[in-house]
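Residue strings, one per chain:
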Amino acid sequence: MVNHVNFIWNIAESLRGPFKPSEYGSVVLPFTVLRRLDAVLADTKAEVLKVAPTVENAPDVLKQMKLTEASGHQFYNTSPFDFAKLVADPQDLRSNLSSYLAGFSENVSDIFERFEFSKTLDKLAEKNKLFAVTEKFAQADFHPRTVSNIQMGLVFEELIRWANERSNETAGDHYTPREVISLMVQLLFALDDDALTKPGVVRSIYDPTAGTGGMLSVADEYLRRLNPGIQLSLYGQDYNDASYAICKADMVIKGQDVDNIALGDTLTEDAFEDKKFDYGLSNPPFGVDWKDQRDTV
């Protein structure tokens, strides 16, 4: 894990000058997600490209079903590009990246939209950094055979913390210190440890103000240390675009259901009002004025 984190940090440091340290996260976080998804989909890429033309005019539900079946995952990409092909054509890299991103299924493409990744790519291209960054990420082996979902999740969490430390703007609003989260998680599960260690345990956890997903991640780590065989579903919602993108990306990287993370104000548009969960934890943004939501709730 450390090697992968250091590798990505070195890419970030190469941005010094055109980008401020507080902006590094806007580059390396979405690129890390993109490279991971690229690696995850690599083994079934040929099958997806074979099926895509046959369902081009099919109803959306059937199209999605056939393409996810072909990919073997909850998401897919119908673009002929991958990282190897992208770096093989430096001249058209920016337009090819747009085409590649457009090929993703909607349930993961919104991650890059909320990251405003297109603006980042434009700036990288303008500053003559796009090819260098893409080429370096292409060298990273993020295939699941090399880096498991758990390991990749730890890498991404470290990058999130690293990015938050360099961004005074977001640290207080969207990031709870890990030490605080660890204490909350220990208190949450303190009375249930015996029950949670039994074989075949199935649990769900919900954070209605998920931020970048720190609480869900720490709870996930705690329970998997306690019981590696536990079946755990993580749910979260947040109304900040960047935080939502990071949280959803983290859950996708961990192999969680991509539909379990929602965007929106929990008070006015609860995405999970019809669901019940075994556990809930959150750090609500107490410093935010709730007068806009008061009439609704």
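Conventions used here
Residues numbered from 1 in each chain as written. Predicted model: local features only at pLDDT ≥ 70, side-chain atom pairs only at ≥ 80, totals over all residues. Heavy atoms only, no water. Helix = DSSP H or I, 4+ residues; strand = E, 2+ residues; numbered from the N terminus. Rg over C-alpha atoms; globule rule 2.2 N^0.38 Å. Buried < 20%, exposed > 50% of the residue type's maximum accessible area, 1.4 Å probe, protein only. Contact = heavy atoms within 4.5 Å. Pairing = 2+ DSSP bridges. Right-handed = clockwise from strand over helix to strand, strands pointing away. Axes fitted to C-alpha atoms, helices over the stretch in contact; angles between N-to-C directions. Parallel < 35°, antiparallel > 145°, perpendicular 65-115°, else oblique. Left-handed = near helix turned anticlockwise from the far one by under 90°. Nonpolar A, V, L, I, M, F, W, Y, C, P; charged D, E, K, R; others polar. Expected span 1.5 Å × (residues − 1). Salt bridge = Lys/Arg side-chain N within 4 Å of Asp/Glu carboxyl O.

Quick notes on the overall build of the protein
Part 1 of the argument: Counting its secondary structure elements, the protein contains 16 helices and 4 strands.
Part 2 of the argument: Over its C-alpha trace the protein gives a radius of gyration of 20 Å, about what one expects of a compact globule, namely 19 Å for 297 residues.
Part 3 of the argument: Buried positions account for 46% of the 297 residues belonging to the protein.
Part 4 of the argument: Taking as baseline every contact in the protein between residues at least 6 positions apart, the subset at least 24 positions apart corresponds to 79%.

Observations concerning unusual backbone geometry
Phi is mostly negative for residues that are not glycine, and the peptide bonds are mostly trans.
Part 1 of the argument: In the Ramachandran plot, Glu-116 falls in the positive-phi region, its phi being about 55 degrees despite a non-glycine side chain.
Part 2 of the argument: For Glu-116, the position within the fold is in the loop between α7 (106–114) and α8 (117–126).
Part 3 of the argument: On the basis of relative accessible area, Glu-116 is assigned to the partly exposed category, the value being 45%.
Part 4 of the argument: Here Asn-128, not a glycine, exhibits a phi torsion of approximately 60 degrees, which is positive.
Part 5 of the argument: You can see Asn-128 is positioned in the loop between α8 and α9 (130–138).
Part 6 of the argument: In this structure Asn-128 comes out as exposed when scored by relative accessible area, which is 70%.

Points about the pairing of strand β2 (residues 231–238)
Part 1 of the argument: Summarising burial for β2: 6 of the 8 residues are buried, a large majority.
Part 2 of the argument: As judged from the 6 bridges shared by strand β1 (residues 202–207) and β2, these two strands associate in the parallel manner. Bridge assignment links Arg-203 to a residue of β2, and that residue is Leu-232.
Part 3 of the argument: In this fold, β1 hands off to helix α14 (residues 214–226), which returns the chain to β2; that crossover is right-handed.
Part 4 of the argument: You can see the chain leave β2, run along helix α15 (residues 241–253) and come back into strand β3 (residues 261–263), and the turn it takes is right-handed.

So, the packing of α7 against α15
Part 1 of the argument: Two numbers describe how α7 lies on α15: the axes approach to 8 Å, and their chain directions differ by 140 degrees. One way to sum up the angle between α7 and α15 is to call them oblique. Note that α7 runs across α15; the crossing there is left-handed. The residues of α15 that touch α7, namely those facing Asn-107, Val-108, Asp-110, Ile-111 and Arg-114, are Asp-241, Ala-242, Tyr-244, Ala-245, Lys-248, Ala-249 and Val-252.
Part 2 of the argument: Among the residues making up the contact of α7 with α15, the classes are represented as 7 nonpolar, 1 polar and 4 charged.

A word on helix α10 (residues 149–165)
Part 1 of the argument: With 17 residues, α10 should cover 24 Å at 1.5 Å per step; its first-to-last C-alpha distance of 24 Å lies within 8% of that length.
Part 2 of the argument: Of the positions making up α10, those classed as buried are Met-152, Gly-153, Val-155, Phe-156, Glu-157, Leu-159, Ile-160, Arg-161, Trp-162, Ala-163 and Asn-164.

Some remarks on the sheet that holds β3
Part 1 of the argument: Sheet architecture is open: 4 strands sit in the order β3-β2-β1-β4, paired in parallel fashion. A single partner strand is all that each edge strand has here, and the edge strands are β3 and β4 (279–280).

Examining the pattern of salt bridges
Part 1 of the argument: This model, assessed by the stated rule, comprises 12 salt bridges.
Part 2 of the argument: Residue Arg-35 is joined to Asp-38 by a salt bridge in which the shortest nitrogen-to-oxygen separation is 2.9 Å. Of the two residues, Arg-35 and Asp-38 both sit in helix α2 (residues 24–41), 3 residues apart, roughly one turn of that helix.
Part 3 of the argument: For Arg-35, a relative accessible area of 11% corresponds to the buried category.
Part 4 of the argument: As a salt-bridge pair, Arg-114 and Asp-241 come within 3.4 Å of each other at their nearest N and O atoms. With a gap of 127 residues between them, Arg-114 in helix α7 and Asp-241 in helix α15 connect regions that are remote in the sequence.
Part 5 of the argument: What makes Arg-114 partly exposed here is its relative accessible area of 32%.

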